[in-house]
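A structural walkthrough
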Amino acid sequence: MKINQNFSNLAENYLFSTVGAKVSAYQKAHPESKVIKLSIGDVTRPLAPAVIEAMHRAVDDLSHAERFKGYGPDRYCYGYDALIDSIKSSYAKKGVALSSDEIFISDGAKSDLGNILDLFSADNTVLVPDPVYPVYVDTNVMAGRRILFANADEQNGFLPMPDKKVKADIIYICSPNNPTGAAYNREQLKAWVDYAIASDALILYDAAYEYFIQDPDLPRSVFEIEGARDCAVEICSYSKTAGFTGVRCGYTVVPNTLKREGFSLSRLWARRQSTKFNGASYIAQMGAAAVFTEEGEKEIAANIDYYRGNARRIAACLDSLGIWYTGGKNSPYLWMKCPRGMNSWEFFDYLLENANVVGTPGSGFGKNGEGFFRLTAFGTHENTEEACQRMRELLK
Ligand code: MLT
């Protein structure tokens, strides 16, 4: 038996595990401290009432022999029609027409982002932005793929554009971006789509944060861009949209027009999913199906507004301290420059030890993240306000 040696090329721990372990060690040593975590993007608002009601109904279904459900319907890789139809209607509002067999229900974006790589040869070259959500890098390191980085920095507003001299086969785009909060406009995204088509590459588009977009000029789906159906897969999640980080449900859109080397990617993905996945739970799917109803959308909008309030609080705090940042407007993340010339981990320790506030060190997202720091708006109002006060005090 031989181990996949590519694992030895990974950092010892997943970024958020490293942060979690450091915070736990600090709390153990300082049990009296009231630590406020604005690090991992985990939600704090309860699920929308429409979702809860739908989940209760689903539990009742499971308690009656005549309404009981086992495995989900085979037809759409275990996705229930009610959920698939609701996703289709939410895309229709963005002017994107999808057919049911292009929508694949999952247990969240993170799994699909890793799993979809099963479809692609290890010989492909991958292009990811730097800084980047570590999952894109780690999953490709595990498979031994060659990874190129597109520099995101202050000069380009953390929105790198394609470089015709660079040849990549798989391109990751996350907009609004995790970790920087920056979001591509239509022209910028069109440039990426054109570049992908010209080089026969595939875009893996992570739209996990699309619900945070407020600016009507910013696209919420890559499929709003002409040509994307021939070069992109879109991966979405209910985690941040509807607070499903603990419930687990997401969806991936693989257009049935998308072909490479004579293979239909949606057929390959269906084949992969039906072999290695048994679908998201019925209860989670029924809860998710309530998200894009009229009631559900109103309720999740209220939760997202709540988080936007936090983003405004953090932005006001950074403004008052004269600290440069991006994000926070169309995104739940604020990406700030570390003050006083500290590097990312120095600032992490400084903030933890002196203000008992936790964020995520930018360098954990890549070399261009060094000297930056990510704060999330997913906390409670009270904790966010208190964290801001502590930062104002410490950094004034
Ligand atoms: C983050 O904090 O970057 C995200 O919450 C992680 C994730 O969605 O897996």
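Just so it is clear, the structure is predicted and the values come from calculations on it, not from any experiment. (Residues numbered from 1 in each chain as written. Predicted model: local features only at pLDDT ≥ 70, side-chain atom pairs only at ≥ 80, totals over all residues. Heavy atoms only, no water.)

Packed helix pairs are characterised by how far apart their axes lie and by the angle those axes make with each other. At a minimum axis distance of 11 Å, the contact between helix H1 (residues 15-29) and helix H11 (residues 344-355) shows a crossing angle of 35°. Here H1 and H11 pass one another in a crossing that is right-handed. Contacts between H1 and H11 pair Leu15, Thr18, Val19, Lys22, Val23 and Tyr26 from the former with Trp345, Phe348, Asp349, Leu352 and Glu353 from the latter. (Axes fitted to C-alpha atoms, helices over the stretch in contact; angles between N-to-C directions. Helix = DSSP H or I, 4+ residues; strand = E, 2+ residues; numbered from the N terminus. Left-handed = near helix turned anticlockwise from the far one by under 90°. Contact = heavy atoms within 4.5 Å.)

Let's shift gears to the state of the cysteines. For the structure on display, the rule yields zero disulfides. Lacking any disulfide linkage, cysteine 317 is separated from the closest cysteine sulfur, that of cysteine 388, by 4.4 Å. Between cysteine 338, a cysteine without a disulfide, and cysteine 317, which holds the nearest cysteine sulfur, the sulfur-to-sulfur distance is 14 Å. (Disulfide = S-S within 2.5 Å.)

Our next topic: the packing of aromatic side chains. This structure, assessed with the given rule, holds 24 aromatic pairs. Among the aromatic residues, those joined into a cluster by ring pairs are Tyr14, Phe16, Phe158, Trp324, Trp335, Phe365 and Phe372. Taking NZ or CZ as reference, arginine 45 lies 4.2 Å from the ring centre of tyrosine 306, over its face. (Phe/Tyr/Trp six-rings, centres within 6.5 Å; stacked < 30°, edge-to-face > 60°. Lys NZ or Arg CZ within 6 Å of the ring centre and 35° of its normal.)

On to the site of the ligand, then. The environment of the ligand is made up of Phe16, Ile40, Gly41, Tyr133, Asn178, Tyr209, Lys240, Tyr333 and Arg374. Between an oxygen atom of the ligand and a side-chain N or O atom of lysine 240, the distance comes to 2.8 Å. Contacts to the ligand include arginine 374, whose side-chain N or O atom sits 2.7 Å from an oxygen atom. Relative to its unbound accessible surface of 270 Å², the ligand loses 85% to contact with the protein. In terms of residue class, the shell around the ligand is built from five nonpolar, two polar and two charged. (Near = heavy atom within 4 Å. Polar contact = N/O pair within 3.5 Å; in protein donor to acceptor, adjacent residues only side chain to side chain. Areas by Shrake-Rupley, 256 points an atom, 1.4 Å probe, with all protein chains shown as cover. Nonpolar A, V, L, I, M, F, W, Y, C, P; charged D, E, K, R; others polar.)

Quick look at the sheet that holds strand S7 (residues 232-237) now. Strand order in the open sheet formed by seven strands is S2-S8-S7-S6-S5-S3-S4, and the pairing between neighbours is mixed. Each edge of the open sheet carries a strand with a single partner, namely strand S2 (103-106) and strand S4 (146-151). On average, each strand axis in the sheet is tilted by 20° relative to the strand beside it, whichever way the strands run. Examined bridge by bridge, S2 and strand S8 (residues 250-253) share four bridges and lie antiparallel to one another. When the bridges of S8 are listed, phenylalanine 104 appears paired with threonine 252. Helix-sheet contacts for helix H6 (residues 186-198) involve strand S3 (125-130), strand S5 (170-174) and strand S6 (202-206), and the interaxial angle to S5 is about 170°. (Pairing = 2+ DSSP bridges.)

Attention now goes to the side chain of serine 237. By secondary structure assignment, the location of serine 237 is in strand S7. In this structure serine 237 comes out as buried when scored by relative accessible area, which is 5%. In terms of polar contacts, serine 237 uses its side chain to reach the backbone amide nitrogen of serine 239, at 2.8 Å. (Buried < 20%, exposed > 50% of the residue type's maximum accessible area, 1.4 Å probe, protein only.)

Burial analysis of strand S15 (residues 372-376) places five of its five residues in the buried class, the great majority of the element. Residues of S15 alternate between two faces, with Phe372, Arg374 and Thr376 on one and Phe373 and Leu375 on the opposite face, all of them buried. Relative to S15, strand S12 (residues 333-337) is paired through five bridges, and the arrangement is antiparallel. Directly across from tryptophan 335, in S15, lies its bridge partner arginine 374.

So, about the sheet that holds strand S14 (residues 360-361). Taken together, the four strands give an open sheet; going across it, the order is S11-S12-S15-S14, and neighbouring strands pair in antiparallel fashion. What marks the edges here is a single partner per strand, and that holds for strand S11 (325-327) and S14. Here two bridges tie S14 to S15, and the two strands are oriented antiparallel to one another. If you follow proline 361 over to S15, its bridge partner there is phenylalanine 373. Along the sheet face, H11 touches S12, S14 and S15 and points at about 50° away from the line of S15.

For the rest of this paragraph, the subject is the environment of serine 8. Residue position: serine 8 is located in the segment before H1. Counting along the chain gives 133 residues from serine 8 to valine 141, while the straight-line C-alpha distance between them is 9.2 Å. A distance of 2.5 Å separates the side chain of serine 8 from the backbone oxygen of glutamine 5, its partner in a polar contact.

In this section: the pattern of salt bridges. Per the counting criterion, the structure on display carries 21 salt bridges. Taking the shortest distance from any N to any O, the salt bridge between aspartate 118 and arginine 272 comes out at 3.0 Å. In this pair, aspartate 118 sits in the loop between helix H4 (109-115) and S3 while arginine 272 sits in helix H8 (residues 265-276), placing the two residues 154 residues apart along the sequence. A relative accessible area of 41% places aspartate 118 in the partly exposed class. By relative accessible area, arginine 272 is classed as buried at 12%. As a salt-bridge pair, lysine 167 and aspartate 169 come within 3.3 Å of each other at their nearest N and O atoms. In this structure aspartate 169 comes out as partly exposed when scored by relative accessible area, which is 22%. (Salt bridge = Lys/Arg side-chain N within 4 Å of Asp/Glu carboxyl O.)

The assigned domain composition of the protein is domain 1 (13-42 + 295-395) and domain 2 (49-294). Taking only C-alpha atoms into account, the centre of domain 1 sits 26 Å from that of domain 2. Each partner contributes to the interface: domain 1 provides 32 residues, whereas domain 2 provides 38 residues. Roughly 3000 Å² of surface becomes buried between domain 1 and domain 2 when both sides are summed, with 54% attributable to carbon and sulfur atoms. The largest share of the area that domain 1 buries against domain 2 comes from Tyr14, Glu297 and Asn330, three residues that together contribute 22% of it. Across the contact surface, domain 1 and domain 2 share three salt bridges. Salt-bridge contacts for lysine 93 lead to glutamate 297; the nearest nitrogen and oxygen are separated by 2.6 Å. Joining domain 1 to domain 2, the criterion identifies 25 residue pairs in polar contact (both at pLDDT 80 or more). Residue composition of the side of domain 1 that touches domain 2, grouped by class: 12 nonpolar, 10 polar and 10 charged. (Domains from an automatic or database assignment. Buried area = accessible area lost by both parts, 1.4 Å probe.)

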